[in-house]
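Listed below, chain by chain, are the residues.
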Amino acid sequence: MIFHRTKLDDAWTIELEPYGDQRGFFARTMCRSEFAKRGLISEYVQQNTSFSVRRGTLRGFHYQVRPHGEAKLVRCIRGAILDVIVDLREASPSYLQHQAFELTDANRYQLYVPPGFAHAFQTLSDDVEVCYLVSTPYHPQAERGLRYSDVRLGVEWPLPVTVLSEKDSAWPLIDDRRAPLY
Ligand SMILES: Cc1cn([C@H]2C[C@H](O)[C@@H](COP(=O)(O)OP(=O)(O)O[C@H]3O[C@@H](C)C(=O)[C@@H](O)[C@H]3O)O2)c(=O)[nH]c1=O
């Protein structure tokens, strides 16, 4: 596994390190000791998958507030997405900054999203499946979101939004909320 720091504190992208042979390849997608060595959370309690039919579908931004903050390890196993994360930790040097990553079934990149980050993605193709590990149980009362179009974030989504849940269209804007967000 090849770990790359991102411009956001504590967030990483992870490249597979495949061992190839005549059958194809083998690669680790998560390794407790490699994660722990770099201070990444290495215990996960849930694995989720989502399937999105239409190109341009947007899910997020989502996160859970303290003490239910979750790390996520995200991979796109069919099609392609633009994955965007936002640092919501007030004490962080990258507070309220965001970064976008293209995760595809071809590049097989994984994104490590630390607790205290909001997470969203837009599908860049039809029939997209995204698979992710989560470090904390789902806690609906702790669930929060940001509006994908919040100008305070300034995220440039690559496509017009074709499908969005009612929940995701209604998250409050950052300026209308009291800190702390996380
Ligand atoms: C996240 C989650 C949802 N659900 C339920 C709630 C709801 O009825 C149904 C669909 O939930 P949502 O509409 O929130 O699904 P979705 O919009 O795909 O939510 C996901 O979005 C991405 C961006 C993330 O970062 C994930 O952590 C997760 O929040 O599934 C669970 O039962 N367990 C879970 O862990």
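Please read these numbers as outputs of a predicted model, since none were measured by experiment.

Participant: Please clarify how the overall build of the protein should be interpreted in this entry.
Facilitator: If you tally the helices and strands in the protein, you get two helices and 13 strands. Against the globule reference of 16 Å for 182 residues, the protein gives a C-alpha radius of gyration of 16 Å, in line with a compact fold. Considered along the principal axes of its C-alpha atoms, the protein spans approximately 55 × 35 × 30 Å. Counting every position in the protein, which comprises 182 residues, the buried fraction comes to 30%. In the protein, the share of contacts with a sequence separation of at least 24, taken over all contacts with a separation of at least 6, comes to 79%.

Participant: I keep staring at the sheet that holds strand 13 (residues 143-145) and nothing clicks. Help me out?
Facilitator: Spatially, five strands are ordered 9-8-11-6-13 in an open sheet, and the strand pairing comes out antiparallel. The strands lining the two open edges of the sheet, one partner per strand, are strand 9 (98-104) and strand 13. Strand-to-strand twist of the sheet, defined as the mean angle between neighbouring strand axes without regard to direction, takes the value 25°. In this sheet, strand 11 (residues 117-123) lies alongside strand 6 (residues 58-64) in antiparallel orientation, the contact comprising three bridges. Bridging from a neighbouring strand, Leu 58 pairs with Gln 122 of strand 11.

Participant: In this structure, what is going on with the sheet that holds strand 12 (residues 128-134)? I would like to understand it.
Facilitator: Strand pairing within a sheet occurs via backbone hydrogen bonds; the two strands may be parallel or antiparallel. Judged by pairing direction, the sheet is antiparallel, and its six strands sit side by side in the order 1-2-10-7-12-5 without closing on themselves. The sheet is open, and its two edges are formed by strand 1 (2-5) and strand 5 (46-52), each paired on a single side. Going across the sheet, the axis of each strand differs from the next one's by a mean of 25°, ignoring polarity. Two elements, strand 5 and strand 12, share seven bridges in a ladder whose sense is antiparallel. Its bridge partner being in strand 12, Thr 49 is matched across the sheet by Cys 131.

Participant: Where do I start with the site of the ligand in this structure?
Facilitator: Residues in contact with the ligand, as listed here, are Asn 48, Ser 50, Arg 59, Gly 60, His 62, His 119, Ala 120, Phe 121, Tyr 138, Ser 165 and Lys 167. Counting residues per element, the ones that place at least two in the shell around the ligand are strand 5, strand 6 and strand 11. Partitioned by chemical class, the residues of the shell around the ligand number three nonpolar, six polar and two charged.

Participant: Help me out: how do you make sense of the environment of Gln 47 in this one?
Facilitator: Considering the arrangement of structural elements, one finds Gln 47 in strand 5. The sequence separation of Gln 47 and Leu 73 amounts to 26 residues, and the corresponding C-alpha distance is 9.3 Å.

Reading the values: the criteria
- Residues numbered from 1 in each chain as written.
- Predicted model: local features only at pLDDT ≥ 70, side-chain atom pairs only at ≥ 80, totals over all residues.
- Helix = DSSP H or I, 4+ residues; strand = E, 2+ residues; numbered from the N terminus.
- Rg over C-alpha atoms; globule rule 2.2 N^0.38 Å.
- Buried ≥ 20, exposed ≤ 12 C-beta atoms within 10 Å, placed from the backbone.
- Contact = placed C-beta atoms within 7 Å.
- Pairing = 2+ DSSP bridges.
- Axes fitted to C-alpha atoms, helices over the stretch in contact; angles between N-to-C directions.
- Near = placed C-beta within 6 Å.
- Nonpolar A, V, L, I, M, F, W, Y, C, P; charged D, E, K, R; others polar.

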